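Coordinate analysis (summary)
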Amino acid sequence: MKRAAPAALSLVSVLSLATLTACGGAGGGSDAKTTDQAKATPTPSATASVAKPAADPAKELAKLLVTKVKSDDNDYTVTEPAAGDAMATSQEQLTLDNKVCAPMAYATNYLPLGDPDASLVRLADNGRTVYTYITLASYSAGKAEAAMKGLAEAASACTAGYTAKSAKASTTYSSVKKETAPAATGADESIATVSTVPYKGTQTMRTQTFRFGDTIVNYFSIDSGGFINGRSAQATVPADVVKAQNAKLG
């Protein structure tokens with residue numbers, strides 16, 4: 001489906017607009033060596049103990065991503081974001097005026113939370129001006145819980161806002177507030193937030209984050225039309241996208 005013209009603006013361009021007024025991451029097996037060099041030919045039992053290669057976390061994550069979402073309001077295509085579409089491509093590229101707010105900055109810039117083993121990002125687009133970024137990440141034992149705890153603490157501590165900067169843009173969020181996340185079958189915990197950016201009114205963006213065991217999925221929605229057209233805008237996370245993706249995880 002042909003995308004509406006205003007939606008073609010990349011996220012980094014949108015956030016750069018906000019900067020104008022807001023100031024702005026072998027099996028090794030031991031060799032079965034014989035002591036008698038005359039018997040150096042390996043036996044079947046010596047070669048059978050070699051461990052299988054570990055599964056690739058990124059490939060395993062890719063199997064869990066939706067590729068299309070049915071909706072009454074135009075179906076969503078789910079694709080990789082365009083190159084250069086991000087304000088930052090790693091946690092290290094973002095700096096914060098208040099470090100405790102870092103998890104909120106990651107969630108609203110579709111970066112993975114905490115310290116994942118692997119992460120993937122996709123863009124859900126139905127031809128409207130609201131973009132929804134899906135960040136899926138897998139973790140070692142205990143690290144997913146820690147990442148969710150950090151996000152919850154950030155959402156509570158950063159209600160008065162914060163500023164995030166990268167080499168590409170600087171964005172000041174004027175407020176952060178927790179909302180009630182929708183129920184999700186199989187999810188161990190969830191967090192929902194609403195953040196505002198002052199630019200020709202108020203640009204409101206939202207996140208919904210769910211943990212399924214050692215996997216976290218974060219949804220971030222932003223309405224580029226508000227920035228482009230110079231009007232206040234309210235982005236909401238589309239329920240159809242959340243339901244379809246969560247069903248792959250729960």
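Residues numbered from 1 in each chain as written. Predicted model: local features only at pLDDT ≥ 70, side-chain atom pairs only at ≥ 80, totals over all residues. Heavy atoms only, no water.

Observations regarding the overall build of the chain
Test applied: Here a strand is any run of E in DSSP of at least two residues, a helix any run of H or I of at least four, and the numbering for each starts at the N terminus. Think of it in three bands: residues with accessible area under 20% of the maximum for their type are buried, residues over 50% are exposed, and the middle band is partly exposed, with areas taken using a 1.4 Å probe on protein chains only. Here, Shrake-Rupley sampling with a 1.4 Å probe gives the accessible areas, and only protein chains in the shown set may cover a residue.
Along the backbone of the chain there are seven helices and 12 strands. Scored against the burial criterion, the 250 residues of the chain give a buried share of 47%. Of the roughly 12300 Å² of accessible surface on the chain, 53% is carried by carbon and sulfur atoms.

Description of the side chain of Thr 209
Rule in force here: Nitrogen and oxygen atoms within 3.5 Å of one another constitute a polar contact, given that in protein one can donate a hydrogen and the other can accept it, and given that sequence-neighbouring residues count only through two side-chain atoms. Note on contacts: a residue pair is in contact if any heavy atoms of the two residues lie within 4.5 Å.
Here Thr 209 is to be found in strand E10 (residues 202-212). Of note is the side chain of Thr 209, whose polar atom sits 2.6 Å from the side chain of Asn 218. In this structure, Thr 209 is in contact with Leu 113, Met 148, Leu 151, Glu 189, Ser 190, Ile 191, Ile 216, Val 217 and Asn 218, ignoring residues within four places of it in sequence.

A short note on the pattern of salt bridges
Operational definition: By definition, a salt bridge exists where a carboxyl oxygen of Asp or Glu is found within 4 Å of a side-chain nitrogen of Lys or Arg.
Applying the stated rule across the entire model yields eight salt bridges. Asp 75 is paired through a salt bridge with Lys 70; the nearest N and O atoms lie 3.5 Å apart. Glu 145 is paired through a salt bridge with Arg 211; the nearest N and O atoms lie 3.9 Å apart. With Glu 145 in helix H5 (residues 143-157) and Arg 211 in strand E10, this pair connects stretches of sequence that are 66 residues apart. A relative accessible area of 34% means that Glu 145 is categorised as partly exposed. Arg 211 sits in the buried class, given a relative accessible area of 11%. Within this structure, Glu 145, Asp 188, Glu 189 and Arg 211 form a network of salt bridges that share partners.

Points about the confidence of the model for the chain
Definition in use: pLDDT is defined as a per-residue confidence score from the predictor, taking values between 0 and 100.
Residue-level pLDDT values for the chain average 85, and 80% of them are 70 or greater. Across residues 1-8, confidence stays below pLDDT 50; counting only partners more than four residues off in sequence or on other chains, it has 15 contacts. Every residue in residues 20-41 scores below 50 in pLDDT, and together they form 24 contacts with partners more than four places removed in sequence or on other chains.

A closer look at unusual backbone geometry
Residues other than glycine seldom take positive phi values, yet Tyr 110 does so here, at roughly 45°. Among the secondary structure elements, Tyr 110 is positioned in the loop between helix H4 (102-107) and strand E4 (118-125). Exposure remark for Tyr 110: the relative accessible area of 6% places this residue in the buried category.

Section: the state of the cysteines
What counts, and what does not: The disulfide criterion is simple: two cysteine sulfur atoms within 2.5 Å.
Evaluated as defined, the whole model comprises one disulfide. Disulfide pairing places Cys 101 opposite Cys 158 at an S-S distance of 1.9 Å. Taking the torsion about the S-S bond as the criterion, the Cys 101 to Cys 158 disulfide, at about -110°, is left-handed. Here Cys 101, found in the loop between strand E3 (95-96) and H4, pairs with Cys 158, found in the loop between H5 and strand E6 (162-165); they are 57 residues apart in sequence, far enough to count as distant.

Examining the pairing of strand E7 (residues 170-173)
Put simply, the rule is: Only strands joined by at least two bridges in the DSSP assignment are considered to pair.
Burial along E7 is two-sided: the residues Ser 170 and Thr 172 and Thr 171 and Tyr 173 are all buried. Pairing analysis gives four bridges linking E6 to E7, with the strands arranged antiparallel. Directly across from Tyr 162, in E7, lies its bridge partner Tyr 173. Taking the residues that link successive antiparallel strands as the turn, the E6-E7 hairpin has four residues.

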